[in-house]
Amino acid sequence: MSNHLKNLKLKIWRQSGPTDTGHFENYVMDEISDEASFLEMLDVLNEGLIGENKLPVVFDHDCREGICGTCSLMINGQAHGPERSTTTCQLHMRKFKSGDEIVIEPWRASAFPIIKDLMVDRSAFDRIIESGGYITAPTGGAPDANLIPIPKTVADAAMDASQCIGCGACVAACPNGAANLFTGAKIAHLNLLPQGQAERFKRTEAMVETMDEYFGSCTNHGECEAACPKEISIDVIALMNKDYRKSKLKNRKEISRT
Amino acid sequence: MTITFNSKIPAGAIGDKWATYKEDAKLVAPGNKRKFKVIVVGTGLAGASAAATMAELGYQVDVFTFHDSPRRAHSIAAQGGINAAKNYQGDGDSVHRLFYDTIKGGDFRSRESNVHRLAEVSVNIIDQMVAQGVPFAREYGGLLDNRSFGGAQVSRTFYARGQTGQQLLLGAYQQLARQIGLGNVRMFNRTELVDVVTVDDRCAGIVTRDLVNGEVVSHAAHAVVMATGGYGNVFYLSTNAMACNVTAAWRAHRKGAAFANPCYTQIHPTCIPQSDPTQSKLTLMSESLRNDGRVWVPMNPDESRSADQVPEAERDYILERLYPSYGNLAPRDVSSRAAKRAVDAGLGVGPLKNGVYLDFSDAVNRLGKDVVEERYGNLFQMYERIAGENPYDVPMRIYPATHYTMGGLWVDYELMTNIPGLYAAGEANFSDHGANRLGASALMQGLADGYFVLPYTIGNYLAPMLNKPIPGTDHPAFKEAELAATARYQGYVDIKGSRSPDYFHREVGRIIWDYCGMERTQQGLEKALSELPALYEEFQKDLRVTGNAESMNQTLEKAGRVDDFFQLGMLMCRDALEREESCGGHFRAEYQTDEGEALRDDEKFAHVAAWEWTGDPTKSIRHSEELNFEAIHLATRSYK
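Participant: I keep staring at the domain arrangement of chain A and nothing clicks. Help me out?
Facilitator: Accessible area lost when the parts come together is the quantity often used to give the size of an interface. All names here are of chain A. The assigned domain composition of chain A is domain 1 (4-115) and domain 2 (123-257). One C-alpha centre belongs to domain 1, the other to domain 2, and the line joining them spans 31 Å. Residue-level contacts link 17 residues of domain 1 with 18 residues of domain 2. Between domain 1 and domain 2 the total buried area reaches about 1300 Å² when both faces are included, carbon and sulfur atoms providing 63% of it. Of the residues in the side of domain 1 that touches domain 2, the class split is 9 nonpolar, 6 polar and 2 charged.

This is the structure we're talking about:
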């Protein structure tokens, strides 16, 4: 049976819009079941605020099963809160105790401007994918799926990288606001597979350079890996850097040929 | 608008229809495609794949999603896999068998021609997704691996760990992103459809609301595709994402598109039972788990020992006992009812006695923990996070929950609604799953519609419109719809009552779940139809939305969606009431065999119920489309 936490002190970032300076506001959650998820706790808070004719706290969320990547939140300074490899929506109140003070902030990164309260704009991630995070394979005419055997280890490594949910925790956790884990994960996914070889270096150069337009630079803190809810390894960054270096050479040759 | 239902099924033998259709379909020359604007609403598997493919072909495509990125659509949460009649395992699969299984799984309430086409293109989907780099699970030899899903006696399900939906959606999203990057698609994020506009009985475009600043804007197009998902959130608690809603489809319905079979909703047997009243959603545990997990309850209702202490002889493996030939992989509707009956009989397990066990101890003993972890690791981890128990040590507790809706906008063979120029794809349409969907078939249908059906059928509609003007957004019909939408959202703010949209959503959900859920009766449905209008009236008088309509306001978004759930809920109950038979997910207690199985009435109900909006959700008009079974004989569905 569930237990109840009492007297939680919530300190939540409120900001009415992108140009507002924003401030912390304090709330007290008198009682909440430890079976509730963190976002359900915020639902309860918001129901209360509507009851008091106040504006509820705006936050992004959707699937609530840890896969869509919509939810975010810095909880006590940690991206997605204290539990490792867990998104905020999968974090449950049993990880907290009565009387705790919980500080809730939006992702803080210049590439992710705040829309309202805890909601940020992560469309810079889409720009990176649009620049090359795909394999060009127009619909129709694909060869039989079993034509090219792919070693299980290769498929598994690609899968490890492609699990990225695009939540932005890596950027939020990084002191430089860098997106190398996100970008590296997509590059690793596609560059490891035989299908991805044709565009390997073109992709890498385009994605890295788009990333650099929006995000800070990586200085190997490794905070991104620690914050990643899908435990994506920073090895993908090494792979990206290696391919980026190569791309500068290979793409130049390609240009000189044409 | 008078409603006509012409399903436009091509002539010929079942296996030739799609080929014949494609040969006869009108084409738009490559250089002319850019003269056509197509709107796609929704970026799940159906929407993203349709938009990407049409943009590749050369059409101008505008895409809308209420999410912050097209990659968030709820297709992403599908776990177990995608079916395809590849027969890579050499275990006797074929297009015909997938076709047959799908028709039978749907309890003979789907349209043969559409389902056969689905089975045909299923093989192309796997080729396409592999070419895009979807990292499906593989054998050590490097070839693709398969597993088995409910309602099938072959292994035809392709998967990527427990995240198949994620990997497929990212594949489709990446194809879409490529087209956005190339400038062939204009992408509108955080933008919700609030109305569909028709001019001269054709779809002329849509009206949207920008969720960030509340701006209401019109968009004109030659054709509009609704790939807006299902309506399972009408139940409040479901496995759907929080934002899944019926609004887009419902707004189309209110503009004349028929809504088909709304009572066909799927209750998925393996979800984590509710543990607390604050709970906002239910989480699915993939059907694939039933490959190795065994469903059981203790025989003694007062059993107090922990699961591992209950001896074999005192356990009832309900599915293995009731359905020996399919065992734990009996289809979803059948398995859900078996679980419900066990719990109703007081045999439920867990602190609230609201679940049944899904036990992996045999699998762990037989295969070893490593193999089990390899197959289901992330699902086990997810279970542990939510339930606080480790499924390697204690059996999972599961219970059915609303998961998918087979009903949706009525479409013909071309996936066009009865409004010319308005199409519906994926879960938003009604066409392929009849009264019950088989596991791993939703991903298949979404991608079939988007990649391999719509790009052909839309061309057939557009070709004759070449160089003919279409109504622009300055047409009075658009202005009227904009004003109505603005007034509608301002109206919610102006009520200034005392209850939040969530309060009303929970209440509607409770009524629908109690009376139009897993088991329905005439009496219950009539009760729901008397309670819902009263509650709806309260909603219209006592709703409270704080803030305004001109800025980001999640309470306001919710209010609009709950409003539409009310209206849909009433239609669902009416549909369930009038369908006096049991079939698939629609189980009317009055119509069952002596053994408690669904009892169809093919004489009276071998048809699709397509509902026409009249302005009052309790007074919609029921039309029907007869289902003709030529390739398959109607039979009683048995999984014994």
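Participant: Honestly, the domain arrangement of chain B in this entry has me stumped. Any pointers?
Facilitator: Residue and element names in this part refer to chain B. When cut into domains, chain B gives domain 1 (268-402) and domain 2 (479-598). On a C-alpha basis, the centres of domain 1 and domain 2 stand 31 Å from each other. The partner domain 2 presents 10 residues to the 9 residues of domain 1 that form the contact. Sorting the residues of domain 1 by area buried against domain 2 places Arg 337, Lys 340 and Arg 341 first, and these three jointly supply 56% of that buried surface. In this assembly, domain 1 and domain 2 are joined by 0 salt bridges. Run the count over domain 1 and domain 2 and you get 3 residue pairs in polar contact (both at pLDDT 80 or more). Elements supplying a minimum of two residues to the side of domain 1 that touches domain 2: helix H9 (332-344) and strand E15 (396-405). It is H9 that provides the largest number of residues to the side of domain 1 that touches domain 2, a total of 5 residues. Taken together, the residues of the side of domain 1 that touches domain 2 sort by class into 3 nonpolar, 2 polar and 4 charged.

Participant: Even after reading the chapter, I still don't get the packing of helix H15 (residues 522-542) of chain B against helix H16 (residues 554-578) of chain B, so can you show me in this structure?
Facilitator: The relative placement of two packed helices comes down to the angle between their axes together with the axis-to-axis distance. All names here are of chain B. Contact geometry for H15 and H16: axes closest at 9 Å, N-to-C directions at 160 degrees. Overall, the two elements H15 and H16 adopt an arrangement that is roughly antiparallel. The hand of the H15/H16 crossing is left-handed. Here Gln 522, Leu 525, Glu 526, Ala 528, Leu 529, Leu 532, Pro 533, Leu 535, Tyr 536 and Phe 539 of H15 come into contact with H16, specifically with Ala 559, Val 562, Asp 563, Phe 566, Gln 567, Gly 569, Met 570, Cys 573, Arg 574, Ala 576 and Leu 577. Residue classes in the contact of H15 with H16 are distributed as 15 nonpolar, 3 polar and 3 charged.

Participant: So what exactly am I meant to see when it comes to the layout of surface pockets here?
Facilitator: Which parts of space are left empty comes out when a probe the size of a water molecule is rolled across the atoms. The volume enclosed by the largest pocket comes to roughly 880 Å³. Forming the boundary of the largest pocket are 45 residues, of which Gln 163 of chain A together with Arg 161, Gln 163, Asn 378 and Gln 381 of chain B lie nearest the centre. Of all elements in the fold, only helix H3 (152-162), helix H5 (180-192) and helix H8 (235-257) of chain A together with helix H11 (369-387) of chain B reach the threshold of two or more residues within the lining of the largest pocket. Per element, the largest residue contribution to the lining of the largest pocket is 13 residues, and it comes from H11 of chain B. Counted as a void, the second largest pocket has a volume near 760 Å³. Lining the second largest pocket are 43 residues, with His 61 of chain A together with Asp 502, Gln 554, Thr 555 and Lys 558 of chain B positioned closest to its centre. If you list the elements that add at least two residues to the lining of the second largest pocket, you get helix H1 (38-51) of chain A together with helix H14 (501-516) and H16 of chain B. Among the elements that make up the lining of the second largest pocket, the one with the highest residue count is H1 of chain A (6 residues). Looking at side-chain class alone, the lining of the second largest pocket contains 16 nonpolar, 13 polar and 14 charged residues.

Participant: Just to check I follow, could you spell out the pattern of salt bridges for this structure?
Facilitator: Between side chains of opposite charge, pairing is possible as soon as their charged atoms come close. By the definition in use, this model includes 67 salt bridges over all chains. The partner of Glu 47 of chain A in a salt bridge is Arg 506 of chain B, with the nearest N and O atoms 3.4 Å apart. Residue Glu 47 of chain A is located in helix H1, and its partner Arg 506 of chain B is located in helix H14; the two belong to separate chains. What you see here is one network of salt bridges that share partners, running through Asp 107, Arg 109, Asp 333, Arg 337, Arg 579, Glu 581, Arg 600, Asp 602 and Arg 637 of chain B.

About the cut-offs
- For every chain, the first residue of its written sequence is number 1, and the numbers climb from 1 along that sequence.
- Starting at A for chains and at 1 for ligands, labels are handed out in the order in which the entities are written.
- Reporting in this predicted model follows two pLDDT cut-offs: at least 70 for local features of residues, and 80 or more for side-chain atom pairs to be given and counted; totals over whole chains, interfaces and linings ignore these cut-offs and use all residues.
- By convention in this description, side-chain values take in all heavy atoms of the structure and omit both hydrogens and water.
- Domain borders in the structure are assigned automatically or taken from a domain database.
- Residue contacts are defined here by distance: any two heavy atoms, one from each residue, within 4.5 Å place the two residues in contact.
- A quick way to say it: buried area is the sum, across both parts, of accessible area lost when two parts are put together, with a 1.4 Å probe.
- Residue polarity follows a fixed list, in which Ala, Val, Leu, Ile, Met, Phe, Trp, Tyr, Cys and Pro are nonpolar, Asp, Glu, Lys and Arg are charged, and the others, Gly among them, are polar.
- For this analysis, a salt bridge means a side-chain nitrogen from Lys or Arg found within 4 Å of a carboxyl oxygen belonging to Asp or Glu.
- We call two N or O atoms a polar contact when they sit within 3.5 Å, provided that within protein one can donate a hydrogen and the other can accept it, with sequence-adjacent residues counted only if both atoms are side-chain atoms.
- In DSSP terms, a helix is any run of H or I states spanning at least four residues, a strand is any run of E spanning at least two, and both are numbered starting from the N terminus.
- Orientation is described by lines fitted to C-alpha atoms, with helices fitted over the stretch in contact, and by angles between N-to-C directions that extend from 0 to 180 degrees.
- Geometric relationships in this document are graded by angle, where less than 35 degrees denotes roughly parallel, more than 145 denotes roughly antiparallel, 65 to 115 denotes roughly perpendicular, and other angles denote oblique.
- Two helices cross in a left-handed way if the nearer one is turned anticlockwise from the farther one by less than a right angle. They cross in a right-handed way if the turn is clockwise.
- Site definitions follow a grid-based scheme: protein atoms alone, a 1 Å grid, a 1.4 Å probe that fits but cannot get out for cavities, and for pockets an open set with protein on both sides within 12 Å along at least five of seven lines, plus lining residues having an atom within 4 Å of a point.
- Grid points are joined across faces, edges and corners, and a volume is the space filled by probe spheres set on the points.

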